[in-house]
Amino acid sequence: MSLEAKVGEMTQLTLGTILQKKNKQIIEPQHLDSTRAADALVNYQVGSILNCGNHAHTPAKWNEFITEIQEHAERKETQIPVLYGIDAIHGPTYTADAVLGPQQIGLAATWNESLVRENAAATAEQVAACGIPWNFSPVLDLGRDPRWPRFWETFGEDPLLASRLGVAMVEGYQNGDVKFAATLKHFLGYGFSLSGKDRTPAWIPERELREYFLPSFKAAIDAGAMAVMINSGEINGIPVHSNSYLLTDLLREELGFEGVVVSDWEDIRYLFTRHMVAEDYKEATRIAVEAGIDMSMVPLDFGFSEALVELVSDGTITEQRIDVSVRRILKMKWDLGLFETGGIPPALELYPKTSKFEKVAAQAALESITLLKNEGQNLVDANQPILPIGSTGKVFVTGPTAHSLNALNGGWTGTWQGTDTLYNTPNRPHLTRALEEQFGSNQIIDFQLDQDFTADDVQMVAREIQATRPSCVILALGEMPYTEFMGNDEDLSLFKNQKELVRAVHKLEVPIIGVFIEGRPRTFSDIEPLMDAIVMAYLPGDYGGEAIAKVLDGSYNPSGRLPFTWPRHPSSHMTYDYKHAEIAASDPSEGFNPQYSFGHGLSYTTIEYSNFSLLDSIFSVGDTIRGAIDITNLGGRTANELVLVFSQDRVASITPSVQRLRGFERVFVRPGETVRHKIKIPVSTLSFVHMDLDDRVESGAFTLTIADESAGLRIQ
Ligand code: GLC
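Everything quoted here is computed from the prediction, not taken from an experiment.

> What is the right way to read the sheet that holds strand 11 (residues 260-262) from this model?
Strand order in the open sheet made by the three strands is 7-8-11, with parallel pairing throughout. Both edges of this open sheet fall to strand 7 (183-187) and strand 11, since each of them pairs with a single strand only. Going from strand to strand, the sheet's axes swing by 25 degrees on average, the running direction of each strand aside. Where strand 7 and strand 8 (residues 227-230) come together, three bridges link them in parallel fashion.

Below is the structure:
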């Protein structure tokens, strides 16, 4: 291979650069510009293309694009097929009429690894059928700062939960019937910036980086993930794209990752235009390639290609270094079967029927819905709380997220920001439509509000409620779609007009059911007491409206549990694994007093835990802690109970968290049944990262806790 051919393999361009344009605007309907495509794919020998132009395409269109791209690739010196990558992060984001499930934060609320695996496999089958074998998913960053606009793209705040669900997603993508590559992103420490704003500086000491942010990536690398994408931000003053310690010493030598490391969007350019650690493109390219980047998501020009050819030609970078990256990229193309198929998509008639994927997306939406509060008086039995709503009386539905499929799906849906209704999946109902289908349209009174509704609109809602006298009001609150910096916000509070809406309806003394459809837990403690019931739907996807409706009418007994701590205040937040000293710093009357705790969620039955015991109380490092606990269902509905096992390390050489999640498992308990549930916790899971950066168990006294039951043990 010539140097140019090798550099071409390390170059990734976005589809938009090779589409027909007029006055720099992509012409619709989109078609490849054969001159621009030939220049990129034959002349510059670009080895990878990503993204979608600027919106979703039908499978037929993808087939046309990918076929033409590969036909160009066949005319280059090496004839090596192009590797196409895309963000299919909650189903096929950019495939028209595909099946879209919950975003990761909603999948996390299911705490169900097999369901996450099945949804990932469904994505892989649909996307690979379009000729796209590389997915920029999962996000394994942690959602520990709700201000961060990509909070909803994570599996929540805890390293164990993110690790186990991240592994499940990688297995779903890569271990199914199609050749498909997962990408772990964004390595490392993305989402925990000082400001809470996307891609802004983070100060994360290496011990904390390893304790909290590394485990999910390590677990998924051990599960065989084929690619890793790098964090666009900077940590402790060093842009991660230029950090050879993280990208080579840690990722390659310590974690043993052998796959492809791809930059994030324009992040080599940003080294000299945003981070200011390089004089120019050539210097930025040198820094990034020497740090360990294999492929540059350039993705808008040939600056990287030209700079890298020059750097090798003038001896600044050795060709041996280039060969290392090219080998990784060609191995990935080989493993994905591109050399067998030439990268040509499967025949269109082989495109799978979407009906086979609807069930797993709908089930994930159902299992994600989290009942946070259920009080007030039921309309049928005054001794019961307001939910589930019976079939009696009118139900008044309004709120800014009630009439929007876009709100249910969030960003990365049809378009990057997910705000364009033009690309919504046909015939998928928004919440109001789903409620009409579930309850019957004659029971639902529908009053449409858009996101920026005014005080006058609120008065009209109040008058309409007074006129129609409904038995209860459903207020669909929350956020409209966003992602990345577009979702940066100065204030985590729920929007002012939505709080005013709740206050106005509360004055009418009609029971209120608040439904949050949003990517992050906005704070609303001042109006929380005004609502009788509260449901968190996260971003449940195309089947989310129906899922919410089935929880509200009681067809489904809610089982979702929060994968994060819900803050009570917009400007102070602690995660569940806070340190003892944080309590001392808190208001003594408040202490740790979130709006809702990590793992919180109610159901339509009552579960009681008792008789927690361990088989032993003294353990050594290589042992497994075994125990059992009784779980009794005192209510009338089968429970899909989430058993959470937390550990408390009484004294340690690093300040111990007040608790850490060490195990979780779903257990079904029928009405009246008592299940003796066994737990198995390897002592190794009680480890923590020490000052010498070694992750090891320290002897001492521990407690394991499940619900309100605890048992003591000692590690010797
Ligand atoms: C974006 C995102 C990344 C995504 C990539 C390609 O900037 O940070 O998550 O995979 O670009 O779309």
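Still more to cover.
> It is not clear to me how the sheet that holds strand 16 (residues 472-478) should be interpreted in this structure. Could you clarify?
Strand pairing in a sheet is mediated by backbone hydrogen bonds. Such pairs are either parallel or antiparallel. Here we have six strands laid out as an open sheet, ordered 13-18-17-16-14-15, and mixed in their pairing. Each end of this open sheet is capped by a strand with a single partner; those strands are strand 13 (370-374) and strand 15 (444-448). Averaged over all neighbouring strand pairs, the angle between strand axes comes to 20 degrees, with direction disregarded. Sheet topology note: the strand 14 (residues 395-399)/strand 16 ladder contains four bridges and is parallel.

> Sorry if this is basic, but what is going on with the domain arrangement of the protein here?
Many analyses report the size of an interface as the accessible area lost when the parts associate. Looking at the assigned domains, one finds that the protein contains domain 1 (12-350), domain 2 (369-562) and domain 3 (607-715). In this structure, domain 2 and domain 3 have C-alpha centres spaced 36 Å apart. With seven residues of domain 2 in contact, the opposing surface of domain 3 contributes seven residues. Between domain 2 and domain 3, a total of about 480 Å² is buried, with carbon and sulfur atoms accounting for 33% of that surface. Looking at the side of domain 2 facing domain 3, the largest losses of area belong to Asn557, Ser559 and Arg561, adding up to 81% of the total buried there. Close ionic contact of Glu641 with Arg561 constitutes a salt bridge, the shortest N to O distance being 3.7 Å. Taken together, domain 2 and domain 3 are joined by three residue pairs in polar contact (both at pLDDT 80 or more).

> Even after reading the chapter, I still don't get the pairing of strand 21 (residues 624-633), so can you show me in this structure?
A regular strand places its side chains so that they alternate between the two faces of the sheet. Within strand 21, eight of the 10 residues are buried, which leaves the element mostly enclosed by the surrounding structure. As judged from the six bridges shared by strand 19 (residues 607-614) and strand 21, these two strands associate in the antiparallel manner. What sits directly across from Leu614, in strand 21, is Gly627. Where strand 21 lies against strand 24 (residues 674-682), nine bridges are found, and the strand directions are antiparallel. Within the sheet, the bridge partner assigned to Thr632 lies in strand 24 and is Thr674.

> What's the story with the site of the ligand in this structure? I'm lost.
Among the 13 residues in the neighbourhood of the ligand, the closest are listed as Asp87, Arg150, His186, Arg199 and Asp264. Interatomic distance of 2.5 Å between a side-chain N/O atom of Asp87 and an oxygen atom of the ligand. In the environment of the ligand, an oxygen atom lies 2.9 Å from a nitrogen or oxygen atom belonging to the side chain of Lys185. Here the ligand has 310 Å² of accessible area as a free molecule, and 96% of this is covered by the chains. Among the residues forming the shell around the ligand, the class breakdown is six nonpolar, one polar and six charged.

> Please explain the pattern of salt bridges as it appears in this structure.
If charged atoms from side chains of opposite charge come close, those side chains can pair. Summed over the entire model, instances satisfying the criterion amount to 44 salt bridges. Between Arg207 and Glu211 there is a salt bridge; the shortest N-O distance is 3.6 Å. Linking Arg207 with Glu211, this pair stays in helix 7 (residues 206-213), spanning four residues, or about one helical turn. There is no split in this pair, since Arg207 and Glu211 are both buried. A salt bridge links Glu500 to Arg503; the shortest N-O distance between them is 2.9 Å. Placement of both Glu500 and Arg503 in helix 19 (residues 496-507) is noted, with a separation of three residues, approximately one turn of the helix.

> What is the right way to read the packing of aromatic side chains from this model?
We describe a pair of aromatic rings using the distance from one ring centre to the other and the angle between the two ring planes. Taken as a whole, this structure holds 27 aromatic pairs when the rule is applied. Aromatic side chains Phe516 and Phe524 sit 4.7 Å apart centroid to centroid with 50 degrees between the ring planes, which places their arrangement in the tilted category. With respect to class, Phe516 is no different from Phe524; both count as buried. Centre to centre, the rings of Phe516 and Trp566 are 5.8 Å apart; their planes meet at 55 degrees, and the pair counts as tilted. With Phe516 in strand 17 (residues 512-517) and Trp566 in the loop between helix 20 (544-552) and helix 21 (580-585), the pair connects residues that are 50 residues apart, well separated along the chain. Comparing Phe516 with Trp566, the two get one shared label, buried. A connected cluster of aromatic rings, assembled from ring pairs, spans Phe151, Phe516, Phe524, Tyr538, Phe564, Trp566 and Tyr596. Positioned above the aromatic ring of Phe664, the side-chain terminus of Arg164 is 3.6 Å from the ring centre.

Rules of the game
- Residues numbered from 1 in each chain as written.
- Predicted model: local features only at pLDDT ≥ 70, side-chain atom pairs only at ≥ 80, totals over all residues.
- Heavy atoms only, no water.
- Pairing = 2+ DSSP bridges.
- Helix = DSSP H or I, 4+ residues; strand = E, 2+ residues; numbered from the N terminus.
- Axes fitted to C-alpha atoms, helices over the stretch in contact; angles between N-to-C directions.
- Domains from an automatic or database assignment.
- Contact = heavy atoms within 4.5 Å.
- Buried area = accessible area lost by both parts, 1.4 Å probe.
- Salt bridge = Lys/Arg side-chain N within 4 Å of Asp/Glu carboxyl O.
- Polar contact = N/O pair within 3.5 Å; in protein donor to acceptor, adjacent residues only side chain to side chain.
- Buried < 20%, exposed > 50% of the residue type's maximum accessible area, 1.4 Å probe, protein only.
- Near = heavy atom within 4 Å.
- Areas by Shrake-Rupley, 256 points an atom, 1.4 Å probe, with all protein chains shown as cover.
- Nonpolar A, V, L, I, M, F, W, Y, C, P; charged D, E, K, R; others polar.
- Phe/Tyr/Trp six-rings, centres within 6.5 Å; stacked < 30°, edge-to-face > 60°.
- Lys NZ or Arg CZ within 6 Å of the ring centre and 35° of its normal.

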